Amino acid sequence: GETGSVYMMYLFGGDAEEIEMGDKTVVGQKMRLGLALSFDGEHWTHFEGEHHSGALFDVGADGEWDEMFCGWPQVVQHGAKDFRMYYNS
């Protein structure tokens, strides 16, 4: 990239949090979104988000559409300074 360019890689992952799903205990299901930054596209630094795990944000509250996980993030430019993130759950 150009001098001064910043690359952003949006990612997602789970941790060792245990959750109950019916009669089973599942580990790593509550996946959250993250961000890594690079100036050269080879060396990356994790951006520490607001969630205690470092994720950009937490999954939704109980009963919300994204309560189980947030994954497969995509950022789309809608205007000159209008970028929006979409993700699946």
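Reading guide: rules and limits
- Residues numbered from 1 in each chain as written.
- Predicted model: local features only at pLDDT ≥ 70, side-chain atom pairs only at ≥ 80, totals over all residues.
- Heavy atoms only, no water.
- Phe/Tyr/Trp six-rings, centres within 6.5 Å; stacked < 30°, edge-to-face > 60°.
- Helix = DSSP H or I, 4+ residues; strand = E, 2+ residues; numbered from the N terminus.
- Buried < 20%, exposed > 50% of the residue type's maximum accessible area, 1.4 Å probe, protein only.
- Pairing = 2+ DSSP bridges.
- Axes fitted to C-alpha atoms, helices over the stretch in contact; angles between N-to-C directions.
- pLDDT = per-residue confidence, 0-100.

**Thoughts on the packing of aromatic side chains**
Scanning the model with the defined rule gives 4 aromatic pairs in all. Between Phe57 and Tyr87 the ring centres are 5.7 Å apart and the planes differ by 45 degrees, which places this aromatic pair in the tilted class. With Phe57 in the loop between strand S5 (45–47) and strand S6 (71–79) and Tyr87 in strand S7 (residues 82–88), the pair connects residues that are 30 residues apart, well separated along the chain. Taking the relative accessible area as the measure of exposure, Phe57 reaches 30% and is therefore partly exposed.

**Re unusual backbone geometry**
At Trp72, a position not held by glycine, the phi torsion is positive, near 55 degrees. Position of Trp72 among the secondary structure elements: in strand S6.

**Describing the sheet that holds S5**
Taking strand neighbours across the sheet as the criterion, the 3 strands line up as S1-S4-S5 in an open arrangement whose pairing is antiparallel. Single-partner strands in this sheet number two, and they are strand S1 (7–13) and S5. Each strand of the sheet is rotated relative to its neighbour by a mean of 35 degrees, with strand direction disregarded. Bridge count for strand S4 (residues 32–38) against S5 is 3 bridges, and the pairing is antiparallel. Looking at the pairing, Ala36 lines up with His46 of S5.

**Here we look at the environment of Gly49**
Its place among the elements puts Gly49 in the loop between S5 and S6. Sequence-wise, Gly49 and Leu33 are 16 residues apart; in three dimensions their C-alpha atoms are separated by 9.1 Å.

**Observations concerning the confidence of the model for the protein chain**
The predicted model of the protein chain has a mean per-residue pLDDT of 90, with 97% of residues at 70 or higher. When mean pLDDT is compared element by element in the protein chain, S4 scores highest at 96, while strand S2 (residues 18–21) scores lowest at 85.

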